[in-house]
Amino acid sequence: MGTLNLESVSFRYPGRGETVLDKVSLAIPAGGIFGLLGPNGAGKTTLISILAGQLRGATGSISAGDEPLEGLRRRRPHSLGLVPQEYAFYPMLTCAENLRFFGAVQDLAGARLRERVAAAARFARIESALSRRAGRLSGGLKRRLNLAIGLLVEPEILLLDEPTAGVDPQARAFLLESIRSLAGAGRTILYTSHYMEEVEAICDRVAIIDHGRVLVSGALSEVTRDGSGLQELFMQLTHRSLRD
Amino acid sequence: MRRLLALWEKEWLALSRDVLGLAVLFLMPAAFIVVMSLALSDVFKGGAARLTGFAVMAADPKLAERLVRSLSGEGFRAAPAPADEAAARDGVRRGTPSLVLLVPRDFERALNAPLDGKSTPPKLTLLADPALPPTQLLAFRQRVLGVALALRVSAMMRRAGIAADADAFDLKHAATLNVETIGGAGRPSSVQQNTPAWLIFGMFFVVMPISSLFIVERREGTLARLVSLRVPFSMLLLGKVGPYFVVNLAQGALMLLAGRTLVPWFGGETLALPARWDLLAAVTACTSVAAIGWGLFVAVCSRTLEQATVIGGVGNILAAALGGIMVPRFVMPETMQKLSEVSPMAWALDGFHAVILRQGGAADIAAPCVKLLALALALFAAALWVHHRRRVLAPAQ
């Protein structure tokens, strides 16, 4: 799978006047981690939702390598994985039951399902919590379970929407290390976060968007070439006024 | 199919861990069946089980005794005669006794007056408790007139020189009348009405767990995640059908058991079982899919748990009130009976009555079953349409 290309992608929610995404063009190469930054309401989650196939009606084109993303997903339904910012699993089910369920709806079965559940649990280090109800886990364990579910089918494109929100420093360090280890092997990772230091630590390319427009995009070393840090660049581009 | 089974298993696990929700689904209708069957047992017997006290005030003790003898029995019990009319009025006002027949002094003389159209017929006065059911008042009134007719005919016979006793003309001795109802009992007994009625009510209450889990799935992003995994929305809805269908069938079995065991244990009647179990299963299945369709529709339309609770709960209560669940339709005025035909719970109740009460055949349950299935399909389609119209989530291909 090659680069994930977005060309002039625009979107507005039906019945609402404002444009949420305005001609967004990005090139997200395989084999690295692409950081997508922006203040609240900038359009990050909308963009991820469009890529994940949750929202329809976007204009422009999105392709993965040489073929449209939609075509790739039709051909290989589980080529794309999403780790949403919500704890998108069932709190009343155990971790193992959640993993088995999300594996089964992605057509995993039998020994392959067992193998992938074990591998995802091992990767996220949640083996000891497999028999515990997901709703009773700590915030860090919930984030790790959320990540493990997204990795069950080893997707080639992985969309991570604020995967470290609300966890303690130890859990964050573990998650960042895990995500970094996922890069390579031709996998494309799109990572959104509000934490600049995280993005600086694990991403090789970044884009900052605000009001649905791309303000800057490129290699991390390029966009911070003038010596200012990512935080300063972000504040400079998106201004310091509070967002509602 | 594997994905559908996974969805069913997930739904089943989630439901099985909601102990309170399950308790509501099973204990609530069982409690209603027992309480309502016992509370309404007299109403369904048309007052026959209730013994209504009456007294006769007549100057002639022989006449009074004859009247008491003729009027007693079949739900009416003689009480001591009050001292005077004022005491009689006071007693009836308090309901003890419920009825007092005042016989004037010249009653027997008036009986002997010729039937030439000029003379005034003998006058009787009946004091009645206003709380007495109208059917009982009517029954007693007819009985009094019957006895008066017997006395008058016997007087005529005597005048004609034929020896005759009034007892010979008493309606009780006129003939033996066997009442035969066709196809089981004509009207349901209390337990026959209340068991299917509250079972249906309980079945439609699956709207609560269906909608609450669905809203949690939407709120927590699980639904969006499943859509991103290309699980079609229609399959997500179908994923809720299987487990709740099983729950509804279990409700059916347990509520019949409650009608057979719990109600008689508390002193009520025993539920008569149907002759055709296959038809009972068909009616239960059709009611179940209609109830699940309603649950899915409410789940998709509601944006919050509060909305789902109000729409689902109030909708169920209105449908129950209108559909003859809370108040039997045969006691409703004609307009309300016609209006009740729009309630799906009334269709379901018709189906259950056709099987349990009238011991009917497939043709008797066809109309209610078709209506319930059509409603289920319409609600399922409406849920998909509402989802599509909101255009929040993309349909998986």
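In this convention, every chain numbers its residues from 1, walking through the sequence in written order. Note on labels: chains are lettered from A, ligands numbered from 1, in written order. Residues qualify for local features only when their pLDDT is at least 70, as the model is predicted, and side-chain atom pairs are given and counted only at 80 or more; totals for whole chains, interfaces and linings, by contrast, use all residues.

Turning our attention to the overall build of chain B. Helix and strand assignments come from DSSP, with helices taken as H or I runs of at least 4 residues and strands as E runs of at least 2, each series counted from the N terminus. Secondary structure summary: chain B contains 18 helices and 4 strands in total. Sequence-distant contacts, at least 24 apart, represent 77% of the contacts inside chain B between residues at least 6 apart. Each residue gets a C-beta atom placed from its backbone, and two residues are in contact if those atoms lie within 7 Å.

In this section: the environment of Gln359 of chain B. Residues and elements named next belong to chain B. Within the secondary structure layout, Gln359 lies in the loop between α17 (344–357) and α18 (362–390). Whether a residue is buried, exposed or partly exposed follows from its count of other C-beta atoms within 10 Å of its own C-beta, namely 20 or more, 12 or fewer, or something in between, respectively; the C-beta atoms are built from the backbone. On the basis of neighbour counts, which here come to 16 C-beta atoms within 10 Å, the residue Gln359 falls in the partly exposed class. Separated by 260 residues in sequence, Gln359 and Leu99 have C-alpha atoms that sit 40 Å apart.

Let us now look at the domain arrangement of chain B. When its domains are assigned, chain B resolves into domain 1 (2–43 + 189–390) and domain 2 (46–174). What marks off one domain from the next here is an automatic or database domain assignment. For domain 1 of chain B versus domain 2 of chain B, the separation of C-alpha centres amounts to 51 Å.

Turning our eyes to something else, we now look at the environment of Ser190 of chain B. All names here are of chain B. Following the sequence through the fold, Ser190 ends up in helix α9 (residues 190–204). Its 21 C-beta neighbours within 10 Å are what place Ser190 among the buried residues. Sequence spacing of Ser190 and Ser41 is 149 residues, and the spatial spacing of their C-alpha atoms is 5.0 Å.

As a further point, take helix α5 (residues 85–94) of chain B. Residue and element names in this part refer to chain B. Within the sequence span of α5, burial applies to Ala88, Gly91 and Val92. Mapping the buried residues of α5 onto a view down its axis gives an arc of 95°, with all of them on the same face. Those residues of α5 that are exposed and angled more than 90 degrees off the buried face are Ala86, Asp90, Arg93 and Arg94. Buried residues belonging to α5 abut β1 (52–57), β3 (99–102) and β4 (125–128). The directions considered for the arc are those from the helix axis to the C-beta atoms.

All right, on to the sheet that holds strand β3 (residues 33–37) of chain A then. Residues and elements named next belong to chain A. At least two bridges found by DSSP between two strands is the condition for calling them paired. With respect to topology, 6 strands assemble into an open sheet ordered β6-β7-β8-β3-β9-β10, the strand pairing being mixed. Unpaired on one side and paired on the other, β6 (80–83) and β10 (213–219) mark the two borders of the sheet. For this sheet, the mean inter-axis angle between neighbouring strands, taken without regard to orientation, is 15°. Note: β6 against strand β7 (residues 157–161), 4 bridges, orientation parallel. By the bridge assignment, Val83 is partnered in β7 with Leu160. Axis lines are fitted through C-alpha atoms, for helices just across the contact stretch, and the angle between N-to-C directions can take any value from 0 to 180 degrees.

Right, let's talk about the interface of chain A and chain B for a bit. Taken together, the 26 residues of chain A in the interface contact 24 residues of chain B. At the level of elements, α2 (69–75) and α3 (95–104) of chain A are the ones that each hand at least two residues to the side of chain A that touches chain B. In terms of residue count, α3 of chain A provides more of the side of chain A that touches chain B than any other element does, 3 residues in total. Only Asp, Glu, Lys and Arg are considered charged, only Ala, Val, Leu, Ile, Met, Phe, Trp, Tyr, Cys and Pro nonpolar, and every remaining residue, Gly among them, polar. When grouped by side-chain class, the residues that make up the side of chain A that touches chain B number 16 nonpolar, 4 polar and 6 charged.

Turning next to the sheet that holds strand β1 (residues 4–11) of chain A. By definition, the strands of a sheet pair up through backbone hydrogen bonds, in either a parallel or an antiparallel sense. Residues and elements named next belong to chain A. The sheet built from 4 strands is open, its strands ordered β2-β1-β4-β5 with antiparallel pairing. The two strands at the open ends of the sheet, each matched to only one other strand, are β2 (21–28) and β5 (67–68). Summarising the sheet, β1 and β2 pair through 5 bridges and their orientation is antiparallel. In the strand pairing of β2, Val9 is matched with Val24.

Along an α-helix, residues three or four positions apart point the same way, because every turn accommodates 3.6 residues. Residue and element names in this part refer to chain B. Within the span of helix α4 (residues 61–71), buried status applies to Arg66, Leu67, Ser70 and Leu71. Take α4 and look down its axis: the buried residues cluster within an arc of 120°, on one side only. Exposed and oriented more than 90 degrees from the buried face of α4 are Pro61 and Lys62. Contacts made by the buried residues of α4 are with β1, β2 (76–78), β3 and α7 (134–159). Backbone geometry just after α4 places Gly73 at a positive phi near 100°.

For the peptide bond that leads from Thr96 of chain B to Pro97 of chain B, omega is -5°, which places it in the cis range. You can see Pro97 of chain B is positioned in the loop between α5 and β3. Unusually for a residue other than glycine, Asp107 of chain A sits at a positive phi of about 70°. Inspection of the secondary structure puts Asp107 of chain A in the loop between α3 and α4 (110–123). We classify Asp107 of chain A as partly exposed; it has 16 C-beta atoms within 10 Å. With phi around 50°, Glu154 of chain A is a residue other than glycine that occupies positive phi space. Along the polypeptide, Glu154 of chain A turns up in the loop between α5 (139–150) and β7. Here Glu154 of chain A falls in the partly exposed class, since 15 other C-beta atoms lie within 10 Å of it.

Here we come to the environment of Leu230 of chain A. Residue and element names in this part refer to chain A. Its location among the elements puts Leu230 in helix α9 (residues 230–238). Expressed as a C-alpha distance, the spacing of Leu230 and Ala129, which sit 101 residues apart in the sequence, is 37 Å. Discounting chain neighbours no more than four positions away, the residues touching Leu230 are Met196, Val199, Glu200 and Thr224.

This part is about the packing of helix α13 (residues 241–265) of chain B against helix α14 (residues 277–301) of chain B. Residues and elements named next belong to chain B. Their axes nearest at 9 Å, the elements α13 and α14 cross at an angle of 130°. The orientation of α13 with respect to α14, classified from their angle, is oblique. Here α13 and α14 pass one another in a crossing that is right-handed. Contacts between α13 and α14 involve Val241, Tyr244, Phe245, Asn248, Leu249 and Gly252 on the former and, on the latter, Thr284, Ser288, Ala291, Ile292 and Gly295. Tallied by class, residues from the contact of α13 with α14 come to 6 nonpolar, 5 polar and no charged. The scheme is simple: roughly parallel for angles under 35 degrees, roughly antiparallel for over 145, roughly perpendicular for 65 to 115, oblique for anything else. For any pair of crossing helices, the crossing counts as left-handed if the nearer helix is rotated counterclockwise from the farther one by less than a right angle, and right-handed if it is rotated clockwise.

Residue and element names in this part refer to chain A. One way to put it is that α3 packs onto α4 with a least axis distance of 10 Å and a crossing angle of 125°. By the angle class used here, α3 and α4 are oblique. For the crossing formed where α3 meets α4, the hand is right-handed. Between α3, through Ala96, Leu99, Arg100, Gly103 and Ala104, and α4, the contact on the second element is made entirely by Leu113, Arg116, Val117, Ala120 and Ala121. When the residues that make up the contact of α3 with α4 are grouped by side-chain class, the tally is 7 nonpolar, 1 polar and 2 charged.

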